[in-house]
Amino acid sequence: MRWALVLALTAAYPLIVYFSLGHVEPRYLALLLLVLGALRWLAGGAQLVQARWVALAALLLAASTALLNMSLPLKLYPVLVNVVLLVIFGVSLVRGPSVAERIARLQDPDLDARGQAYTRRVTQVWCGFFVLNGGMALATALWTSEATWALYNGLIAYVLIGTLMGGEWLLRRHLRARYARLQA
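Along every chain, residues carry numbers that run from 1 in the direction the sequence is written. Local features are withheld for residues below a pLDDT of 70 in this predicted model, meaning they are given only at 70 or higher, and side-chain atom pairs are given and counted only at 80 or more; totals for whole chains, interfaces and linings count all residues. Each side-chain value is worked out from all heavy atoms of the structure, with water and hydrogens disregarded.

A few points about the side chain of Asn-82
- A run of H or I in DSSP counts as a helix once it spans at least four residues, and a run of E counts as a strand once it spans at least two, with each numbered from the N terminus. Relative to the elements of secondary structure, Asn-82 occurs in helix H5 (residues 77-95).
- Each residue gets one of three labels from its accessible area relative to the maximum for its type: buried under 20%, exposed over 50%, partly exposed in between, using a 1.4 Å probe on protein chains only. A relative accessible area of 7% means that Asn-82 is categorised as buried.
- Ignoring anything within four residues of it in the chain, the contact list for Asn-82 reads Phe-130, Asn-133 and Gly-134. Contacts are assigned to residue pairs that have any heavy atoms within 4.5 Å of one another.

Regarding a nonpolar patch on the surface
- The grouping of Leu-151, Leu-155, Ile-156, Val-159 and Leu-160 at the surface amounts to a nonpolar patch, some 400 Å² of accessible area in total.
- Considering the arrangement of structural elements, one finds Ile-156 in helix H8 (residues 146-183).
- Among the residues examined, Ile-156 registers a relative accessible area of 33% and is labelled partly exposed. Residues form patches when they are more than 30% accessible in relative terms and have no salt bridge. Like charges link within 9 Å. Nonpolar side chains (Val, Leu, Ile, Met, Phe, Trp, Tyr) link within 5 Å. For the area figures, the Shrake-Rupley method with a 1.4 Å probe applies, and any residue is considered shielded solely by the protein chains shown. The term salt bridge refers to a pairing of a side-chain nitrogen on Lys or Arg with a carboxyl oxygen on Asp or Glu at a separation within 4 Å.

Things to note about helix H7 (residues 113-143)
- The terminal C-alpha atoms of H7, which comprises 31 residues, lie 45 Å apart, in line with the 45 Å expected from a rise of 1.5 Å per residue.
- Within 3.5 Å is the distance limit for a polar contact, defined as a pair of N or O atoms, with the added protein rule that one can donate a hydrogen and the other accept it, and that residues adjacent in sequence qualify only through two side-chain atoms. Capping of H7 at its N-terminal end is provided by Asp-112; its side-chain oxygen lies 3.3 Å from the backbone amide nitrogen of Arg-114. To estimate how far a helix should extend, the number of its residues minus one is multiplied by 1.5 Å.

This is a description of form; function is not addressed.
The following block contains the structure:
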């Protein structure tokens with residue numbers, strides 16, 4: 001339940017910030033980051049260490065916003081999320097198994113070598129995505145209007161995530177069908 005609330009607030013975060021700026025001082029919007037940080041801390045789950053790092057970073061952004069009464073720290077939260085995901089996915093490539101392999105093994109515990117190589121490549125693609133998406137989130141936070149920042153981080157980034165997920169799903173179906181034909 002907590003993770004659902006965290007995910008919903010994280011997804012809605014750019015829009016909440018956008019529609020609040022100009023009506024509410026940034027230092028009061030810091031409460032939103034404080035709530036997100038606290039919920040992430042409490043929700044921990046299987047990735048307790050990573051959740052706590054995100055929570056601490058969110059709390060630092062909230063404190064910066066409250067002290068400086070500036071919107072920039074608020075707008076850096078999507079950058080933080082991308083950095084943390086990049087670290088999680090990247091570390092899984094070094095330590096193994098990759099994040100995509102762990103997810104794939106939930107459906108297919110006996111993942112063969114071909115499947116392991118494929119999931120490793122998928123994890124690498126996601127790492128590249130987090131670099132690009134985090135870079136765009138940073139660029140929009142630093143150099144664009146709040147409307148552009150909200151549009152990218154509150155809509156375009158999610159469309160890109162969905163497109164990547166859907167594209168990978170279609171590719172996986174195609175490759176499985178081709179592999180099955182070769183095996184027959």
